[in-house]
Amino acid sequence: MHRADHMALLKLFALSLAAWQPSRGHETSPSPTVSPVATHAARSTSTSWQPPPTLHELVPSLATPFLDATPSSPPTLIYTRGNQIVELSIEGASRTLADVPEAGRVKSALLLADQIFFVREQGLQVVDLTQGASRLIVFDAPVLFGDLIPAGTDTVLYSAMLDDGGGGTMGFTAHAGLYSLSTGRARPLIEHEGSLVPLGENAEEDGVYFLPVGGDPEFAEVWLVSLATGEIRVRLPVEGNEFAALSPDAHLLATATSRFLPEEQRLEYGLGLYDVSIPGSVEGRWLPLPRPDSHVWGLVWSGDGRCLYFHLRPGAPYEDPATSHGLWCLDPEGMQFSLVCPLDDPTDHIVTISPDDDWLLLRPDRAYEFTLVDLGGGRALNLELPVDFYEIVRWR
């Protein structure tokens, strides 16, 4: 999904919620003890909703600092500027890769096998960078926002939220489908009133995890949808607030989550880490954050699955904090938190991680400015793009 558009929508509901509800480390600290745990697994082979699993608590330790003295050079970045696709080196040199026909504002973009896919206001646009050719698959209604992820090496999964003209309770309906690179054809997969955020394929590569989102930033389940039929196989009881990320091996699902503390009459924010490696089963853990009274603002896994990166901010998500606790990493195997680097801007949203796992791009609310983090060296750089850029496609 175009994260900036969706965050603005969800934030309104977070404010109303608050009104009624009473790598690679740079920091060392003694390791806290691990709390006793109680295991619970919820199993389902039907599509009926089930109560969420008990999140047994596990307290990660803080890792020993590590810095890479010889960071790699960042790869080039592909972005859209008007109806042009542009390749940019971090040193500032740029070149135009292709000119594409007008199809409305870009909502999401993806590069796969020298083809760039756009979800745009008018539909799904496919651009072949080797030949410069493009085609447009027009949707029945204007696209409000959308998402794109790879589904194997030959298929792209799209999810487009179409304006329903006020005919539904949400004002838009999600239309998800598959586009085959080999045949050049698209086929519908599933529809849902509200939005559907694709998280990635399951380990068996015959299904895809979707996060169904309504108007409320909180969610209580994740769907596993068959790639063959579009049927919802399992509704996994996974809880969270706004952010969810599936590990590259599709075994772990991380969420930004919260729980209510009755004695203090307030919400405590944390990380939810769910084991979804067994089909139809989920086991969850609650991980307290490395700073008290803080929350997660964005999640992304490294390509090797050894690090879950997240932006940590003080207070609650709806409070618009003026400072940041920095970019952090969770090592899911060693259960250790480590501070990667400080961040100056608390509005930084995670955009994309480079294919070599050495660089992370974040975008603050300020237009046309980005934060580029050297993950090995623990330093943050400022990056500016032309004022008429539309959308980051990805690293190349």
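Rules behind the numbers
Throughout this description, residue numbers start from 1 for each chain and increase along the sequence as written. Reporting of local features is limited, given that this is a predicted model, to residues whose pLDDT is at least 70; pairs of side-chain atoms are given and counted only at 80 or more, and all residues count toward the totals for whole chains, interfaces and linings. Side-chain figures throughout are based on the complete set of non-hydrogen atoms in the structure, without hydrogens or water. Helix and strand labels come from DSSP, where a helix needs a run of H or I of at least four residues and a strand needs a run of E of at least two; each type is numbered from the N terminus. Only protein chains enter the calculation, and the probe is 1.4 Å; a residue is then buried if its accessible area is under 20% of its type maximum, exposed if over 50%, and partly exposed in between. Here the Shrake-Rupley method, with its probe set to 1.4 Å, supplies the accessible areas, and only the displayed protein chains count as covering residues. Following DSSP output, two strands are said to pair if at least two bridges run between them. Only the stretch in contact is used when fitting a helix axis, every axis being a line fitted to C-alpha atoms; angles between N-to-C directions are given from 0 to 180 degrees. Contact between two residues is taken to exist if any of their heavy atoms lie within 4.5 Å; hydrogens are not considered. Identification of polar contacts relies on pairs of N or O atoms within 3.5 Å, with a donor-acceptor requirement for protein atoms, meaning one able to donate a hydrogen and the other able to accept it, and with residues adjacent in sequence counted only if both atoms are side-chain atoms. What makes a nonpolar core is a set of buried Ala, Val, Leu, Ile, Met, Phe, Trp, Tyr and Cys residues whose side-chain atoms join them at distances within 4.5 Å. A pairing counts as a salt bridge when a side-chain nitrogen of Lys or Arg comes within 4 Å of a carboxyl oxygen of Asp or Glu. Disulfide: a pair of cysteine sulfur atoms within 2.5 Å of each other. Confidence scores per residue from the predictor, reported as pLDDT, run from 0 to 100. Think of it this way: a Phe, Tyr or Trp ring, Trp meaning its six-membered ring, pairs with another when their centres are within 6.5 Å, and the plane angle makes it stacked under 30 degrees, edge-to-face over 60, tilted otherwise.

### Digging into the overall build of the chain
So, point 1. A tally of helices and strands in the chain yields one helix and 33 strands.
So, point 2. Residues counted as buried form 55% of the 396 residues belonging to the chain.
So, point 3. In the form shown here, the chain has an accessible surface area of approximately 16,900 Å², with 51% of it arising from carbon and sulfur atoms.

### Concerning the sheet that holds strand E8 (residues 115-120)
So, point 1. Strands sit in the order E7-E8-E9-E10 across an open sheet of four strands; the sheet is antiparallel. The two strands at the open ends of the sheet, each matched to only one other strand, are strand E7 (106-112) and strand E10 (134-138). Strand-to-strand, the axes of this sheet are offset by a mean angle of 15 degrees, without reference to chain direction.

### So, the environment of Leu 111
So, point 1. Along the chain, the position of Leu 111 falls in strand E7.
So, point 2. On the accessibility criterion, Leu 111 (10% relative accessible area) is buried.
So, point 3. Apart from residues no more than four positions distant in its own chain, Leu 111 is found in contact with Ile 78, Ile 116, Leu 129, Val 393, Arg 394, Trp 395 and Arg 396.

### Section: the pairing of strand E14 (residues 186-193)
So, point 1. Where strand E13 (residues 172-180) lies against E14, seven bridges are found, and the strand directions are antiparallel. Each bridged residue has a counterpart across the sheet, and for His 175 the counterpart in E14 is Glu 191.
So, point 2. Hairpin geometry of E13 and E14 is characterised by an intervening segment of five residues between the two adjacent antiparallel strands and by a positive phi of about 70 degrees at Gly 184.

### A word on unusual backbone geometry
Negative phi characterises most residues that are not glycine, and trans characterises most peptide bonds.
So, point 1. Despite not being glycine, Ala 250 shows a phi value in the positive range, around 65 degrees.
So, point 2. Among the structural elements, Ala 250 can be located in the loop between strand E21 (244-246) and strand E22 (252-261).
So, point 3. Residues other than glycine seldom take positive phi values, yet Asp 357 does so here, at roughly 65 degrees.

### Digging into the sheet that holds E13
So, point 1. Sheet architecture is open: four strands sit in the order E11-E12-E13-E14, paired in antiparallel fashion. Here the strands that pair on one side only, and so sit at the sheet edges, are strand E11 (143-150) and E14. The average undirected angle you get between the axes of adjacent strands in this sheet is 20 degrees.

### Regarding the side chain of Glu 201
So, point 1. One can find Glu 201 in strand E15 (residues 195-201).
So, point 2. Reaching out from Glu 201, the side chain makes a polar contact with the backbone nitrogen of Gly 152 at a distance of 3.0 Å.
So, point 3. In this structure, Glu 201 is in contact with Ala 151, Gly 152, Gly 207, Val 208, Tyr 209, Leu 227, Leu 246 and Ala 250, ignoring residues within four places of it in sequence.

### Here's the deal with the nonpolar core
So, point 1. By size, the foremost hydrophobic cluster in this structure holds 25 residues, and its most contacted members are Leu 271, Leu 299, Phe 310 and Leu 330.
So, point 2. Secondary structure elements with two or more residues in this core: E22, strand E23 (266-275), strand E25 (294-301), strand E26 (308-314), strand E27 (326-331) and strand E28 (336-341).
So, point 3. Beyond its immediate sequence surroundings of up to four residues, Leu 271 is in contact with Thr 255, Thr 257, Arg 285, Trp 286, Leu 287, Leu 289, Val 296, Leu 299, Leu 308, Phe 310, Leu 330 and Phe 337.

### Side note on the pattern of salt bridges
So, point 1. With the rule as written, the count across this model stands at seven salt bridges.
So, point 2. A salt bridge links Arg 233 to Asp 206; its shortest N-O distance comes to 3.2 Å. Residue Arg 233 is located in strand E19 (residues 232-236), and its partner Asp 206 is located in the loop between E15 and strand E16 (207-213); the two are separated by 27 residues in the primary sequence.
So, point 3. A single salt-bridge network, built from bridges that share partners, covers Glu 264, Arg 266 and Asp 293.

### Observations regarding the environment of Leu 360
So, point 1. Tracing the sequence through the fold places Leu 360 in strand E30 (residues 359-363).
So, point 2. A residue is classified by how much of its surface remains accessible, and Leu 360, at 0% relative accessible area, is buried.
So, point 3. Excluding residues within four positions of it along the chain, Leu 360 makes contact with Val 300, Tyr 309, Leu 327, Ile 350, Thr 352, Ile 353, Thr 371, Leu 372, Val 373 and Leu 375.

### Notes on the state of the cysteines
Put plainly, a disulfide is one covalent bond tying together the sulfur atoms of two cysteines.
So, point 1. The full count for this structure, using the stated rule, is one disulfide.
So, point 2. Between the sulfur atoms of Cys 307 and its disulfide mate Cys 329 the distance is 2.1 Å. Taken together, the residues span a long stretch of sequence, with Cys 307 in the loop between E25 and E26 and Cys 329 in strand E27 at a distance of 22 residues. Exposure class is identical for Cys 307 and Cys 329. Each is buried.

### Some thoughts on the pairing of E25
Within a regular beta strand, the side chains point alternately toward one face of the sheet and then the other, so they alternate between its two faces.
So, point 1. The buried fraction of E25 is high, at eight of eight residues.
So, point 2. Where E25 lies against E26, six bridges are found, and the strand directions are antiparallel. Residue pairing across strands places Leu 299 opposite Phe 310, the latter belonging to E26.
So, point 3. Here E25 hands over to E26 after six residues, with Gly 305 in that stretch at a positive phi of 75 degrees.

### Regarding the confidence of the model for the chain
So, point 1. When the pLDDT values of the chain are averaged, the result is 82; 81% of them are 70 or greater.
So, point 2. In the model, residues 1-51 has pLDDT below 50 throughout and makes 126 contacts with residues more than four positions away in sequence or in other chains.

### Quick look at the packing of aromatic side chains
The description of two aromatic rings rests on the distance between their centres and on the angle between their planes.
So, point 1. In the structure shown here, the tally under the stated rule is five aromatic pairs.
So, point 2. A centroid spacing of 5.4 Å and a plane angle of 75 degrees characterise the contact between Phe 243 and Trp 297, whose relative ring orientation is edge-to-face. With Phe 243 in the loop between strand E20 (240-241) and E21 and Trp 297 in strand E25, this pair connects stretches of sequence that are 54 residues apart. Trp 297 carries the same exposure label as Phe 243, and that label is buried.

### Quick notes on the side chain of Asp 348
So, point 1. For Asp 348, the position within the fold is in the loop between E28 and strand E29 (349-353).
So, point 2. Taking the relative accessible area as the measure of exposure, Asp 348 reaches 1% and is therefore buried.
So, point 3. For Asp 348, the side chain forms a polar contact with the side chain of Thr 371, separated by 3.2 Å.
So, point 4. Once residues lying within four places of it in the same chain are set aside, the contact partners of Asp 348 are Trp 297, His 311, Leu 343, Leu 362, Arg 363, Pro 364 and Thr 371.

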